[in-house]
Amino acid sequence: MDVMKGDSNRIPTVAMAVAAGFGVANLYYNQPMLALIAQSFPFSKIALLIPSATQLGYVLGLVLFLPLGDLVDRRRLIVVQFVLLALALIAAATAPTAILLLGASFLVGATSSVAQQIVPFAASLANDSNRGTIVGRVMSGVLCGILLGRTVAGFVATWFGWHATFFLAVPAMLAAGALMAARLPTRPPLETIRYPKALASLADLWEEEPVLRRAALTQGALFGSFSVFWTVLSLHLQEPMFKLGADAAGLFALLGVVGITAAPWSGHIADRRGPTLVVQIGVLITVLAWIPFALWNSILGMIVGVMVLDFGVQSAVVSNQHKIYALRPEARSRVNTIFMSGIFIGGAVGSAFGGTVYKLAGWFPTCLFGAAMASIALCLQTLGKPDPNPPSPA
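Residues numbered from 1 in each chain as written. Predicted model: local features only at pLDDT ≥ 70, side-chain atom pairs only at ≥ 80, totals over all residues. Heavy atoms only, no water.

S.K.: Which residues make up the overall build of the protein, and what are the values?
M.R.: Each helix and strand in the protein was counted, giving 16 helices and zero strands. Looking at the 394 residues of the protein, the share that counts as buried comes to 55%. Here the analysis covers contacts within the protein between residues at least 6 apart in sequence; of these, 84% occur between residues at least 24 apart. (Helix = DSSP H or I, 4+ residues; strand = E, 2+ residues; numbered from the N terminus. Buried < 20%, exposed > 50% of the residue type's maximum accessible area, 1.4 Å probe, protein only. Contact = heavy atoms within 4.5 Å.)

Written as structure tokens, this is what we have:
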């Protein structure tokens, strides 16, 4: 089974987008369900660590699983990882204790990195003339999974219990694996190296590729800024001036549809005008998003701000991916490991310090902190020699 390289009509982008969205959604199920999960284990504070365990597992999955995409047939690897994800979800749904649920959540996070196996695979099926468009389409699916994962989990858990959310995700993961087995082409690796050497080469890639370093640091700062808002949103909505609960915070995620439209748009513009310009525009938009947050402290102000924030961050991420996937065709999975690890490290910094600033100083200083993190990305993009755009098609 094969697919003509570069022919966007024959690249299974819709199937890849759907599967990637299914995979990444598992990272966010436990966030709106956390209060219900904690009620199931009233004598254990470990349950509160479940979201952190899931994210930590995801980062480990990025480091340990993604390099395998350069060493083995990606189609087979993706299918196997979806099966392992289904097994991890069964373990989470049936965990009798908080500590076992914590361990199962870690495994769910690690195997959910399958979504990031799919994105570089899509890039490898494209050519220089349409890589941004293809990556943008698949990233739309990832963004749908991020947005709808929280919303669906909150609804299912409210009416049927948190166990049901994990149980319902199992057939979805098996269906995604079957879809990938049916639609993806067989692609042998472009180089033959051993797994330990592939892991060791991550440090070499970081040192030898300045474009990759700037992309990872830029997107890490942007995702940190993004995470500041989403970490403190539910806390801010509980303030007396709003008196809203977690369900209202979950509805804000639906506003991220703006980010979904940004992904294919930015990919298309990156193909035509070069990704560097789109990254710079996305960074500036992210900085400007904090103006309505800070100066228009109302529901409407936050609605405007979150739409602008999503649009800026997602425009930049798709264009940065366009740039990094053009660097080392034989090492796209390892390049993606470095890029995504940078993003989630930045997100962890934004979440940790954003929540602390909010508890100590309130909303306005938190907005300043979020804007400061985005401004780091702005400095990275405007100071020093600009990155070259990927080569144009002949």
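S.K.: Talk me through the packing of helix H1 (residues 13-25) against helix H6 (residues 115-125); I want residue IDs and the actual numbers.
M.R.: It is at 8 Å that the axes of H1 and H6 come closest, and there the two elements cross at 160 degrees. Looking at the two axes, H1 sits roughly antiparallel to H6. When the axes of H1 and H6 are compared, the crossing they make is left-handed. Contact residues: H1 offers Met-16, Ala-19, Ala-20 and Val-24, while H6 offers Ala-115, Ile-118, Phe-121, Ala-122 and Leu-125. Among the residues making up the contact of H1 with H6, the classes are represented as nine nonpolar, no polar and no charged. (Axes fitted to C-alpha atoms, helices over the stretch in contact; angles between N-to-C directions. Parallel < 35°, antiparallel > 145°, perpendicular 65-115°, else oblique. Left-handed = near helix turned anticlockwise from the far one by under 90°. Nonpolar A, V, L, I, M, F, W, Y, C, P; charged D, E, K, R; others polar.)

S.K.: Tell me about the packing of aromatic side chains, residues and numbers included.
M.R.: Counting across every chain of the model gives eight aromatic pairs. Judged by centre distance (5.6 Å) and plane angle (15 degrees), the ring pair of Phe-223 and Phe-226 falls under stacked. Residue Phe-223 and its partner Phe-226 are both found in helix H10 (residues 210-237); the two are separated by three residues, about one turn of the helix. For Phe-223, a relative accessible area of 19% translates into the label buried. Owing to a relative accessible area of 11%, Phe-226 belongs among the buried residues under this scheme. Three or more aromatic residues joined by ring pairs form one cluster here, namely Tyr-58, Phe-223, Phe-226 and Phe-344. (Phe/Tyr/Trp six-rings, centres within 6.5 Å; stacked < 30°, edge-to-face > 60°.)

S.K.: Go over the nonpolar core, please, and point to the residues and values.
M.R.: Met-16, Phe-82, Ile-118, Met-180, Phe-229, Phe-293 and Met-302 are the most contacted members of the largest nonpolar core, which has 100 residues in total. Ignoring any residue separated from it by four or fewer positions in sequence, one finds Phe-293 in contact with Phe-229, Gly-301, Met-302, Gly-305, Val-306, Leu-309, Trp-363 and Cys-367. (Core = buried A, V, L, I, M, F, W, Y, C linked by side-chain atoms within 4.5 Å.)

S.K.: Could you give an account of the side chain of His-236, naming the residues involved and the relevant values?
M.R.: Mapped onto the elements of the fold, His-236 is located in helix H10. Not counting chain neighbours up to four residues away, the residues in contact with His-236 comprise Phe-242, Asn-297, Met-302, Tyr-358 and Trp-363.

S.K.: Got a sec to walk through the side chain of Arg-74? Specific residues and values, please.
M.R.: Along the chain, Arg-74 falls in helix H4 (residues 74-94). Side chain to side chain, Arg-74 and Ser-333 meet in a polar contact 3.2 Å long. In this view, Arg-74 contacts Gly-69, Gln-117, Pro-120, Phe-121, Ser-124, Arg-187, Arg-332 and Ser-333; residues no more than four positions away in its chain are not counted. (Polar contact = N/O pair within 3.5 Å; in protein donor to acceptor, adjacent residues only side chain to side chain.)

S.K.: Which residues make up the environment of Ala-326, and what are the values?
M.R.: Here Ala-326 is to be found in the loop between helix H14 (299-324) and helix H15 (332-361). Exposure remark for Ala-326: the relative accessible area of 23% places this residue in the partly exposed category. Note: C-alpha distance between Ala-326 and Arg-131 (195 residues apart in sequence) is 8.8 Å.

S.K.: Explain the packing of helix H7 (residues 131-160) against helix H8 (residues 162-183) to me, and be specific about the residues and the numbers.
M.R.: Between two packed helices, what matters for the description is the angle formed by their axes and the separation of those axes. In the contact formed by H7 and H8, the axes pass within 6 Å of each other and the chain directions differ by 125 degrees. In this view, H7 runs oblique relative to H8, as classed from their interaxial angle. Crossing handedness for the pair H7 and H8: right-handed. Of the residues in H8, those in contact with Ala-153, Val-156, Ala-157 and Phe-160 of H7 are Trp-162, Ala-164, Thr-165 and Leu-168. Of the residues belonging to the contact of H7 with H8, the class tally is seven nonpolar, one polar and no charged.

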